[in-house]
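Read off the chains here:
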Amino acid sequence: MARLTASPSRLAWRRFARRRAALLGVAIVLSFIVLALGASWIAPLDPIATSWGAIRKAPSAAHWFGTDEIGRDVLSRVIWGTRASLLAGVVSVSISLLLGVPIGLAAGFMGGAVDTVISRITDAFLACPFLILAIALAAFLGPSLSNAMIAIGVSATPIFVRLTRAQVINVKVEDYIEAARAVGNPPWRIALRHVLPNITAPLIVQATLAIAAAVIAEASLSFLGLGQQPPAPSWGSMLNTAKNYVDNAPWMAIWPGLSIFLLVLAFNLVGDGLRDALDPRQR
Amino acid sequence: MFEFLLKRIASIIPTLVVVSMLIFGLQQLLPGDPAKILAGEEQDPTVVAYLRAKLHLDEPLPVRYGYWIGGVLQGDLGESVRTQQPVLTLVLKKLPVTVELALLAMTIALLIGIPAGIVSAVGRGTVWDTVANVMALWGISTPNFWLGILMIMLFSVQLGWLPASGYVSPFEDLGANLAAMIMPAFVLGNAIAAVLMRHTRSAMLQVMSADYVRTARAKGLSERVVVLKHALRNALTPIITLGALELGTLLSGAVLTEQVFTIPGFGKLIVDSVFNRDYAVVQGVVLVTATTYIVLNLLADLAYFAANPRLRS
């Protein structure tokens, strides 16, 4: 009986909770959030403090992950780097959602010339490979973490425009939308109160997977020197330096790379789990 | 069929026009006077005046776009501030290196992704399916520049089998060329193999339950013939279309891979131009990349059309 009366969100949660991989993803993401928020307490040393007496030291009791080319503690830099990566992932995708959903909603709901113009612009954005567009935007805006987040957010926006538009086109022909229109609701109210809540599931799935892509994109831009600027720690910029010392300090490359991999993997696992839970047809 | 081809080719024109507007618009993001910024660090007044006149900076924006696109259509993508060479010449010089890297990467991705997808779908729920899915998850979650560094550590530093960086033209020494390109191509192909595996698995699972596959089995055909001849041929069409979308990943990934392995291609050109503040080259590279991507997608659509007899009729 309880099964029959369970709400769709409760059923989705049950489906999600049955997937151990997705729960593992949640646990990893939560661990990284704790690291990011508590970096100042958890990191054993100052991430930008140099020590000329401890240059490129291998992992030891004093420096668990070793030290870098100017004697900074790699573990502390990896912990502080979590902030840049998580911030970039969440802020970039928030920018994409804030821009993409209203634009997609307008295109799908209004149709006609508005839809044609928006679709053409979306096609043009999608025609530029994601990272190349982000590099170009970051280059013209200037290298910094905030500009990298804007560049990634803007570059990922068309995906949300297209997804929202497609979902709106499917939903707007449903009977309940027709009913909402028949009782005299204005179009903006129908779009926000009746269409939007019914298209959130695919948007949540896409947003989770987009965070994974944004974390890689931020690391890529920082690796190229277009994201977080030195001496502030970022996993991508740590890897950029580490590639020059692969023969005598491999630990400099292993930990930041492993951190990117784990965080991206975790968001992918959560995204896959959410997709299965919220949209079982796609399984 | 001819009508379809014409319609599909015509459909890319508005996209190309808007792409050109976007790329032209990038210049507007530059803070301050574009002529001074484009003139580089020295900001030589003669160069600034030359750029102001060349870019028609005193004219309204739509007029400037008109001049710019007029030049682009005649092959004039501007001039590198650093080397004074035409951007098109620079791009064409670097393009073959990236094309070779991309072709090798795509070959590796196809050789890994499609068989892994078939094995995973045919052995659904078995250990092979799990292994293939874990590999796919590894592929899409690993940043390719990190994988590149790890491979350099193993194959160049530890084992000394392959060069860590550099490029040799295949026309000079094919063996040395392949030795230099195999690691970058694998790094670049790895993520695409993962995506192709997922698409292949999903498409194969769909066709494996179709009536004609059941009929083929009922006729007594071997499983090998059923899978490769009947199922795979029908599963290939969605794989072509979805796989074509990965060409963007290929072009984006090339930027990072070329940076890790110091390959003098297209990707390295855009990164070097960014740091030299050679914005005309950045614009030129983005324009050529976007146009290439659009044309490759068009070709993939045509391949899809050619591979699907129902569409042709």
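Here the residue numbering is sequential within each chain, running from 1 through the sequence in written order. Numbering of ligands from 1 and lettering of chains from A proceed in the order in which they are written. At least 70 in pLDDT is required for a residue's local features to be given in this predicted model, at least 80 for side-chain atom pairs to be given and counted, and no such filter applies to totals for whole chains, interfaces and linings, which use all residues.

A. Representation of the overall build of chain A. Under the scheme used here, helices are H or I runs from DSSP no shorter than 4 residues and strands are E runs no shorter than 2 residues, and both carry numbers assigned from the N terminus. Along the backbone of chain A there are 13 helices and 0 strands. Reading chain A from its N end, one meets helices and strands in the order α-α-α-α-α-α-α-α-α-α-α-α-α. At a minimum sequence separation of 6, the contacts of chain A that also span at least 24 residues come to 70%. By the convention adopted here, residues are in contact when the distance between their C-beta atoms, placed from the backbone, does not exceed 7 Å.

B. Region of interest: the environment of B:Ile152. With respect to the element layout, B:Ile152 can be found in helix H7 (residues 144-158). Counting other C-beta atoms within 10 Å of a residue's own tells you its class, since 20 or more makes it buried, 12 or fewer makes it exposed, and anything in between is partly exposed; those C-beta atoms are placed from the backbone. Given 24 C-beta atoms within a 10 Å radius, B:Ile152 is considered buried. Distance from B:Ile152 to B:Phe261, taken between C-alpha atoms, is 8.6 Å for residues 109 residues apart in sequence. The residues touching B:Ile152, leaving out its near neighbours within four places in the chain, are A:Val246, B:Val157 and B:Ala164.

C. A look at the interface of chain B and chain A. If you look at the interface, chain B gives 37 residues, while chain A gives 36 residues. For the side of chain B that touches chain A, the secondary structure elements donating two or more residues are helix H1 (2-26), helix H6 (127-141), H7, helix H11 (247-260), helix H12 (266-275) and helix H13 (279-307) of chain B.

D. Representation of unusual backbone geometry within the structure. The linkage connecting A:Pro230 with the following residue, A:Pro231, adopts the cis geometry, with an omega of 10°. When you line up the elements, A:Pro231 lands in the loop between helix H11 (200-223) and helix H12 (235-242). Although it is not a glycine, B:Gln84 adopts a positive phi angle of roughly 60°. Following the sequence through the fold, B:Gln84 ends up in the loop between helix H4 (61-73) and helix H5 (87-122). Despite not being glycine, B:Thr262 shows a phi value in the positive range, around 50°.

E. Up close: helix H6 (residues 112-127) of chain A. A helix is expected to reach a length of 1.5 Å times the quantity of its residues less one. For H6(A), spanning 16 residues, the distance from its first C-alpha to its last is 22 Å, which sits close to the expected 22 Å at 1.5 Å a residue. Those residues of H6(A) that sit buried are A:Ile118, A:Thr122, A:Ala124, A:Phe125, A:Leu126 and A:Ala127.

F. Focus on the packing of H5(B) against H12(B). All names here are of chain B. The interhelical angle for the contact between H5 and H12, taken along N-to-C directions, is 135°, at an axis separation of 7 Å. It follows from the interaxial angle that H5 and H12 lie oblique. Taking contact as the criterion, the partners of Leu90, Lys94, Leu95 and Thr98 in H5 are, on H12, Phe266, Gly267 and Leu269. The class makeup of the residues in the contact of H5 with H12 is 4 nonpolar, 2 polar and 1 charged. For helices, the fitted axis covers only the stretch in contact; all axes are lines through C-alpha atoms, and the angles between them, taken along N-to-C directions, range from 0 to 180 degrees. Any angle that is under 35 degrees is reported as roughly parallel, and any over 145 degrees as roughly antiparallel; angles of 65 to 115 degrees are reported as roughly perpendicular and all others as oblique. Amino acids are sorted into nonpolar (Ala, Val, Leu, Ile, Met, Phe, Trp, Tyr, Cys and Pro), charged (Asp, Glu, Lys and Arg) and polar (every other residue, Gly among them).

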